[in-house]
Amino acid sequence: MTDRTVFAVDGRSYRVLVPEGGLKRSGQILDGENAGRVKSGAMKRDVIGTYYNYSLTLETNRLNVAEYDALYEVLSSPEDSHTITVPYGQGTITFEAYVSGVEDELKRMGDGFNRWGGLTVTFTAMSPKRRP
């Protein structure tokens, strides 16, 4: 597990841990409407650009119950997009993304509190980060 700030949402960093294998990224190279096979069978590309999408599973033990609830509310808010900062290469990358999924599980119920964990969130890029 890494012990540094893993990500930020809308300019706010969160003190969370990412277990091994808990951060996945994908680079999708998308084509526009003019892509397809021509009569010869060759592929004609109409590359729009590369979109970076991320899936994070977070251990949130360092957040108190109120901080966790606030993070969940941000991630599950019905908004078009968020500005996120996530690891990329040997540094970080910041871009606009929407939350396409968020889930967690109830770990423990106590007297007057619920402890949630295993928070997983999927961010999908709003626009390409790289263009041809």
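Provided above is the structure to which this section pertains.
Fair warning: this is a prediction, and the values are worked out from it, not measured in the lab. (Residues numbered from 1 in each chain as written. Predicted model: local features only at pLDDT ≥ 70, side-chain atom pairs only at ≥ 80, totals over all residues. Heavy atoms only, no water.)

### Notes on the sheet that holds strand E8 (residues 91–110)
Phase 1 of the analysis: Within the open sheet, the seven strands sit side by side as E2-E1-E7-E8-E9-E6-E3. Their pairing is antiparallel. The sheet terminates laterally at strand E2 (12–14) and strand E3 (23–31), the two strands that pair on one side only. Going across the sheet, the axis of each strand differs from the next one's by a mean of 30°, ignoring polarity.
Phase 2 of the analysis: In terms of strand pairing, strand E1 (residues 7–9) meets E2 through three bridges, oriented antiparallel. Bridge pairing in E2 links Ala 8 to Ser 13.
Phase 3 of the analysis: Along the sheet face, helix H1 (residues 65–75) touches E1, E2, strand E7 (82–88), E8 and strand E9 (113–125) and points at about 30° away from the line of E9. (Pairing = 2+ DSSP bridges. Helix = DSSP H or I, 4+ residues; strand = E, 2+ residues; numbered from the N terminus. Axes fitted to C-alpha atoms, helices over the stretch in contact; angles between N-to-C directions. Contact = heavy atoms within 4.5 Å.)

### Thoughts on the pairing of E8
Phase 1 of the analysis: Pairing of E7 with E8, which is carried by seven bridges, proceeds in the antiparallel orientation. Paired with Ile 84 across the strands is Phe 95, a residue of E8.
Phase 2 of the analysis: Hairpin connection from E7 to E8: two residues lie between these consecutive antiparallel strands, with Gly 89 at a positive phi of about 55°.
Phase 3 of the analysis: Note: E8 against E9, 11 bridges, orientation antiparallel.

Nothing here speaks to function; it is geometry throughout.
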